[in-house]
Structure formats: C-alpha cells, structure tokens
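# Structure at a glance
Spelled out from the first residue to the last, the chains are:
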Amino acid sequence: MSKKKAAKPVSKKAAKPAAKKAVKAAGSSSKSLLVENRVFKPSADFVKKARISSMAQYQKMHAESLKNPDKFFGREAKELSWSRPFKKVLDWKCPNAKWFVGGQLNVSVNCLDRHLDGPRKTKAAIIWEGEPGEKRVITYQQLHRDVCRFANVLKRHKVKKGDRVVIYMPMVPEAAVAMLACTRIGAMHSVVFGGFSAESIKDRVTDCGATMVITADGGYRRGAVVALKKNVDDALKGGDTPVKSVIVLRRTGQDVHIEEGRDYWWHRELEYVDAKCPAVAMDSEAPLFILYTSGSTGKPKGILHTTGGYLLHAYMTSKYVFDLRDDDVYWCTADIGWVTGHSYMVYGPLAMGATSLMYEGAPNWPENDRFWRIIEEYGVTVFYTAPTAIRAFMKWGDEWLKKHDLSSLRLLGTVGEPINPEAWMWYHNQVGGGRCPIVDTWWQTETGGHMITPIPGAIPTKPGTATLPFFGVDAAVVDDLGKEVGKDEQGKLVIRKPWPSMLRGIWGDKDRYQKTYWSDFKGWYFAGDGARRDKDGYFWIIGRIDDVLNVAGHRLGTAEVESALVSHAAVAEAAVVGRPDELKGQGVVCFVTVKEGVKTSRDLSEELKKHVRKVIGPVATPDEIRFAAALPKTRSGKIMRRLLKQIASGETLKGDTTTLEDINVIAALAAASGED
Ligand code: PRX
C-alpha cells in the first residue's frame, strides 16, 4: 500500500469522527448510507503538478467559458488538428447547436496520426488484458496501422461516409479499431453493448439503418463464453434488416455459423487490404456516432453526436478532469458499449495521446482481486469506475486489496450514479490510500462528456457530490416554473446554455428530441435528474425523476421492461418500479397481473424473469416479480407508480390516495408476499 502522505480533511469537523447517521437522501438511492460532512482538499503534491491548481483559477476559467464561449472554446479547439479552420465557434438556435462552423477535421487523425510525429509514435496507446490472461500492448503507430487497414476493409464492403455500422463486440482492442476505422472514412458507428439481446440488436440495426455489423465469435465473461455471433445471427434472421455484411473477429475460437455472402472473417479480410487509408475531412457538425439509451417510453433513443464539439469536450475533460499526462497509465473500467467507454476509453484519452488500459472481463475473475492485480501490474495511475463496482469491492472485503501495491494511483474517478458517502470514503481510504482526489463525474449519454465534476487540483471534494460545473456548463436547480430553488432545496437539474458535446438529436425523431429535452423549460436542457445545491453551490444529484431506473449504473426505462413483460402470453398488465438496492443502487421490481385463467406460480415468475432477459438482455433481469389481482390506478386509468415504489421498498404508504380508483387494490398489493 501507499507510503505517500495522506491528504488531510480540512473542515472544522475534521478532527472529530465524521457525523454518521442512516439516511436515504444525500445523493443516493441506496439504503444504508452515511452522511459524511468532511471536505477534502487535494494534497500539495497533487496541486503542484495539476493543470488547474486553485479554485480561483477554476472560477476564472468557468466565468470566461460562460461569458465569452467564442473566445474560450475557440482557444481550446485550436489544440485539435483541423484540416480546415472553423469560421465561427457557435451558432445556436434552440434546440439546434452548431459548433465550430465551417471547420473540418477527422477524429481518427486527432486520435492517431497527429501523435506519430514525435515520441508518442512508439508509446502505448492501448494496453489490453483479456479475461483468460492474454496481454497486448499496442503503440500509436500500430494502432494507426490497424485502423487504416480496417478502414480499407470497410471500404471494400462499400461502407461510405454517412453510412451506419453497428459494432457488437467484446472488450478487445479491435472494438476500438472498428470505431476509429468508421471515423476515418466518415461512417457512423452505433456500438451495442455485448450484454444486449438479439432482439435489442435487431431494433437498433433497424432503427439506424445499419448496412454492416461488426462482431466476434464470442467474448469471455466470468470464465464463460458469451455467444455474440449467435445473437447477431438471431437478430438478422429472416433477412428483413438493411445489413449487407457482417465482419466476424475470431476471439474465442468457438464454432460459429458463417452465412455465405454475408459473413466474413476479420483476419481474412485484412489479407486483401493495405495500410494506407487517407482520412476523410469531416465537417465539424457531421454525425459521428449514434448510441442508444433508455428513455421513458418502450423504445430506446438513438442519441446522435457530431464530430468537432464532441471530440473537443472528450479531449478537454480528459485534460482537465483526469489531468492526463504523458506518463499516466489510465484505466476506465466501463464497457465500450456505453458512452463512458466511448468518451473515456477511446476518444478522450487517445485525442490526448495518453495510454488507455482496457480489460475484457469481470472484476471477480478468477478471484475478487483481479482489478487490484491489474493496477499493480501495469502501474495504473488514474482509475475510473462505477459506484456499483465500488460497493461490490467493499462487500468482498479489504483483504483483496491488501495483497497488492496500489501506490501508483494518483487520481480516482466515479461515474454512472450517485455515490453513497460510505462507498466514497472506502474508495478514498482503501483504494486511494487517502492521497488521491476523487472526481465524481455527473454526465449522461446525451451530454457526451463530464458536466458536473471536481477539477481535481482545484475543487475541494465532499463525499457524495459531483461538486461544480465543467467549463461551458451553465447548470442550475430549478422548480417546475424554472425559478432557481433555495439552498439545500430539491429541484430539477437544467443546463441553460449549449455546450460543445451536447447531443444533436435523436436519430430519426426530431419531435422526440425537442419534447424530451427542451420542452419542460423553454431554451434550457432538462436532464431528467433531480438535484440540490448546498451552501457552497455544490450539486448533489438525487437521481432520475422520470421513469428511468439506474441499475448498477445502467439506464433502464421502466416502459421497456413493461413492454417486454406484456409481450409474454401470460401477462395482462405490468408496472415496473425501482427499489433501493445496496449493491446495484436500484433493483427492478415488476408488478404483474396475469390473463384470465393463468395460474401464478414461482415457475411463472422465473419464466417472466428469463423472458425479460431474452427480450432486452441480462442488464434488465427483474429482481422480483409480484403478481397482483389489479394495479393501483387513478380514476383516469393512470397507474400510480408512486404508491408502487413505496410498496416495492416496503415503506409505509404516504401521500394522497384519494384519486385511487379502488383503495382495496393497495391493501391487497401490500399484503402480497411477492413471488406467488
Ligand atoms: O441519473 C444520472 C446518472 O446516470 C444518468 C445517465 O446515464 P447514462 O446516460 O447511461 O450515462 C451514464 C454514464 C455517464 C444520469 O442522468 N449519473 C451519471 N453519473 C452520475 C449520475 N448520478 C449521480 N452522480 C453521478 N456522478
């Protein structure tokens, strides 16, 4: 463990043991939480080397970024490589933003080519470890070559600028190669998380009109092989999708079906191409990728990001929030199928010329210390993971960490959900040895990059808060009328100005874009999260206030699970709510009424869980199915979710029930034991 000196808490309360009491708020939906009132300043050692090293410097830069975005972002954007300079920084007609108007650039050039002229040429771009234990180090020069060759494979298959390519791959370097190759020729990628089902792939392929799918025979997860190619086969069965070719990487070596004229092995295709592939100069506002995420309807939204603004924000946050330096070994544990994997495993760190570590498998394979072994072995300096993982590590016990030297770490980060102070303190003390600042980064698929986050050398942190807005982010907490709420009052989190990496739309659904994000408050982006600000102006994120759950850091629409349930022959009606879960943040509870004549049983409950897994994927597996004779509804027929949430969490029912159509329904539900 670390021999370096621990950072000292600075508040007056620091000398006393932290005030601890069980609460349910304080920035998390999880149950047994602590309030931790201490404030943690970065150590002098950290500050000395940090790019932004004081609150005053942060405040000055933040003020300039809001007051004079043209100047601020114009200056920052010059750090990227443009093939044609932009003429105007921002053109904003709510809800449509154009950043760096007139400029042209290529993302793969910014992530690769521009590092080849100096010492970074032979530096590790990606360090990879497979779950079974293979190791690979890929230099910038090699990655460039791999990307160029694979871009030529795409061209061979007639993929061109503006086309959509779905990537459904395990966590292997080729996933990043496939993404970067798309950007090289101006094709858009849509990465689908490897834990999603065949049906989910089909929905996405169809929605975005993909002509190619890139996949692998399989991937390793907790010692087992995930049948990726089989899922793609099932998704494309019937031939009613626009997909013309499927490129298959050989990863596990298992037998897979190869459909003549449609499926091609990755390694064979490489034999036909060379390593020269000029990059296509893309307009700054050219579409870069689509990433599907859950909303409050049954249909996932294809979030659209464009080129210049997205890349700049990923680059800038990697520079200022992770404070990446040339000698860092940076590890983001997210899967490439989520936005975190896009911005902070691939685009941000590579645009910075950093070394990005990638690990294929589970944190507890073969044993609970896999992550700590990796940190020790590669000398990881910056580590970015999710609160749900931290809570699992805590549960597994400190002895797993104690076996390893984690003293290389200098900065820690979290993302995906509110972190409960107890987990924050454990992360700080046990993983960070008390010396590493923690950046708790609040953002979303839609925002493209960090929005509210500590700047580690400048902003003192408090366990459980994402602290203050990043540059260019004008965040506020408001009531339903758009008026800022008072100190410590809860309200809705809004962003009042456009920012470079904001989503540019929902693929194929202009109205939904306007309605979902820009209609609650005229001219402002509504994030769907509740929050409060404390006396120092710090933002405490409460969590989603729409019908979206956050299960182990993954977004899941209750409507998606409901529509999966009612697609089962036995189900008449379903209502899905979240309940606090110690490990996952939220668990999925389904209230189900069955059709006439169907008998409820434990078997049926298991079958419904499996059915949801099959329709959406393992991420959506319900924790509990509760059969009910009826669901509580208002007289106008609306399901009263508020009551169901209280029942699911075992709380005493609060609030108005006078609008209920049938009060007996509630009594019956509360009495029901759940599984049968
Ligand atoms: O509720 C917020 C929560 O995750 C949501 C965004 O989910 P997704 O688009 O899947 O992106 C996750 C990775 C960026 C947000 O609306 N969330 C994310 N980060 C935090 C968070 N809640 C609290 N604190 C965070 N640091």
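What you are looking at is a predicted structure, and each value in this text was computed from that prediction instead of being measured.

## Some details on the site of the ligand
- Near the ligand there are 16 residues, and of these Asp 440, Thr 441, Thr 445, Asp 529 and Arg 555 occur at the shortest range.
- Gly 416 is positioned such that a nitrogen or oxygen atom in its backbone is 3.1 Å from a nitrogen atom of the ligand.
- Within the backbone of Pro 418, a nitrogen or oxygen atom sits 3.4 Å from a nitrogen atom of the ligand.
- For the ligand, the protein covers 96% of the area, taking 540 Å² as the surface of the free molecule.
- Going through the elements one at a time, β20 (438-441) and β25 (539-544) are the ones with two or more residues in the shell around the ligand.
- Of the residues that constitute the shell around the ligand, the class distribution is five nonpolar, six polar and five charged.

## Overview of the packing of helix α2 (residues 55-67) against helix α3 (residues 69-77)
- As a packed pair, α2 and α3 sit with axes 5 Å apart at the nearest point and diverge in direction by 110°. By the angle between their directions, the pair α2 and α3 is classed as roughly perpendicular. Of α3, the residues touching α2 (which contributes Met 61, Glu 64, Ser 65, Leu 66 and Lys 67) are Pro 69, Lys 71, Phe 72, Phe 73 and Arg 75.
- Classifying every residue of the contact of α2 with α3 by side-chain character gives five nonpolar, one polar and four charged.

## Here we look at the packing of aromatic side chains
- By the definition in use, this model includes 40 aromatic pairs.
- Measuring from centroid to centroid gives 6.0 Å for Tyr 344 and Tyr 384, while their planes differ by 85°, and the two rings are edge-to-face. Placement of the pair is Tyr 344 in helix α11 (residues 339-351) and Tyr 384 in strand β18 (residues 382-385), with a sequence separation of 40 residues. When sorted by exposure, Tyr 344 lands in the same class as Tyr 384, which is buried.
- Three or more aromatic residues joined by ring pairs make a cluster, and in this case those are Tyr 58, Phe 72, Phe 73, Trp 82, Phe 86, Trp 99, Phe 100, Tyr 320, Phe 470 and Phe 471.
- The ring of Phe 526 carries the charged tip of Lys 492 above its face, separated from the ring centre by 5.4 Å.
- The ring of Trp 524 has Arg 496 lying over it, and the distance from NZ or CZ to the ring centre is 5.7 Å.

## Concerning helix α8 (residues 228-236)
- The buried count for α8 comes to seven of nine residues, which makes it a mostly enclosed element.
- Leu 228, Lys 229, Asn 231, Val 232, Asp 233, Ala 235 and Leu 236 are the residues of α8 that are buried.

## Points about the domain arrangement of the chain
- Split by domain assignment, the chain resolves into domain 1 (34-106 + 287-474 + 503-518), domain 2 (138-282) and domain 3 (552-671).
- Using only C-alpha atoms to locate each centre, domain 1 and domain 3 end up separated by 34 Å.
- Taken together, the contact between domain 1 and domain 3 spans 18 residues of the former and 13 residues of the latter.
- Taken over both partners, the interface formed by domain 1 and domain 3 buries close to 1,100 Å², and the fraction arising from carbon and sulfur atoms is 49%.
- Sorting the residues of domain 1 by area buried against domain 3 places Ser 294, Trp 338 and Arg 391 first, and these three jointly supply 41% of that buried surface.

## Brief notes about the state of the cysteines
- According to the stated counting rule, one finds zero disulfides in the structure shown.
- Free cysteine: Cys 332, not disulfide-bonded; nearest cysteine sulfur from Cys 111 at 14 Å.

Calculation rules
- Residues numbered from 1 in each chain as written.
- Predicted model: local features only at pLDDT ≥ 70, side-chain atom pairs only at ≥ 80, totals over all residues.
- Heavy atoms only, no water.
- Near = heavy atom within 4 Å.
- Polar contact = N/O pair within 3.5 Å; in protein donor to acceptor, adjacent residues only side chain to side chain.
- Areas by Shrake-Rupley, 256 points an atom, 1.4 Å probe, with all protein chains shown as cover.
- Helix = DSSP H or I, 4+ residues; strand = E, 2+ residues; numbered from the N terminus.
- Nonpolar A, V, L, I, M, F, W, Y, C, P; charged D, E, K, R; others polar.
- Axes fitted to C-alpha atoms, helices over the stretch in contact; angles between N-to-C directions.
- Parallel < 35°, antiparallel > 145°, perpendicular 65-115°, else oblique.
- Contact = heavy atoms within 4.5 Å.
- Phe/Tyr/Trp six-rings, centres within 6.5 Å; stacked < 30°, edge-to-face > 60°.
- Buried < 20%, exposed > 50% of the residue type's maximum accessible area, 1.4 Å probe, protein only.
- Lys NZ or Arg CZ within 6 Å of the ring centre and 35° of its normal.
- Domains from an automatic or database assignment.
- Buried area = accessible area lost by both parts, 1.4 Å probe.
- Disulfide = S-S within 2.5 Å.

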